[in-house]
Amino acid sequence: MARKNKILVPEAQKGLDDLKQRLVKSQTPENAKFEVAEEKGIPLNRYDNGNLSARDAGGIGGPIGGQMVKELVRQAQKELMEKNK
């Protein structure tokens, strides 16, 4: 069964999409996962990925989410350092 991540602050969706698009250097946030899949040679299509293994799915979403978390932590650290000056 597919699991959907729920954003706790719906107003943050656009900011998260912009961050994903910027980090993956994608045309659109929706295309980011397809571009990562293509780079890694993972067969991902737009409609049915029921045959995709958990390892392959993680190979797509992991790098995207990991980059996003690193960038958000970096931004928070920068803000804290500026605040404490």
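Under an unreviewed UniProt entry, the protein has the name Small acid-soluble spore protein and belongs to Halobacillus halophilus. According to its UniProt record, the protein has this under Function (unreviewed entry): "SASP are bound to spore DNA. They are double-stranded DNA-binding proteins that cause DNA to change to an a-like conformation. They protect the DNA backbone from chemical and enzymatic cleavage and are thus involved in dormant spore's high resistance to UV light."

1. Details of the packing of helix α2 (residues 29-40) against helix α3 (residues 54-83)
Interaxial distance between α2 and α3 falls to 9 Å at its minimum, and their mutual angle equals 120°. Judged on the interaxial angle alone, α3 and α2 are oblique. In this structure, α2 crosses over α3, and the sense of that crossing is right-handed. Two secondary-structure elements touch here, α2 through A32, K33, V36, A37 and K40 and α3 through G59, I60, P63 and I64. Its residues placed into classes, the contact of α2 with α3 shows six nonpolar, one polar and two charged.

2. Overview of the pattern of salt bridges
All chains considered together, the criterion is met by two salt bridges. A salt bridge links K14 to D18, with the shortest nitrogen-to-oxygen separation between them at 3.0 Å. On the criterion of helical spacing, the pair formed by K14 and D18 is a turn pair, its members being four residues apart in helix α1 (residues 13-24). Of the charged contacts in the structure, one is a salt bridge between R74 and E71, with a shortest N-O distance of 2.7 Å. Linking R74 with E71, this pair stays in helix α3, spanning three residues, or about one helical turn.

3. Examining the packing of α1 against α2
One can describe the packing of α1 onto α2 by two numbers: an axis separation of 8 Å at closest approach and a directional angle of 40°. Every pair of crossing elements has a handedness; the one defined by α1 and α2 is left-handed. Touching D17, K20, Q21 and V24 of α1 are P29, A32, E35 and V36, all from α2. Along the lines of polarity and charge, the residues of the contact of α1 with α2 split into four nonpolar, one polar and three charged.

Criteria and cut-off values
- Residues numbered from 1 in each chain as written.
- Predicted model: local features only at pLDDT ≥ 70, side-chain atom pairs only at ≥ 80, totals over all residues.
- Heavy atoms only, no water.
- UniProt positions renumbered as here; feature names shortened; annotations may be inferred.
- Axes fitted to C-alpha atoms, helices over the stretch in contact; angles between N-to-C directions.
- Helix = DSSP H or I, 4+ residues; strand = E, 2+ residues; numbered from the N terminus.
- Parallel < 35°, antiparallel > 145°, perpendicular 65-115°, else oblique.
- Left-handed = near helix turned anticlockwise from the far one by under 90°.
- Contact = heavy atoms within 4.5 Å.
- Nonpolar A, V, L, I, M, F, W, Y, C, P; charged D, E, K, R; others polar.
- Salt bridge = Lys/Arg side-chain N within 4 Å of Asp/Glu carboxyl O.

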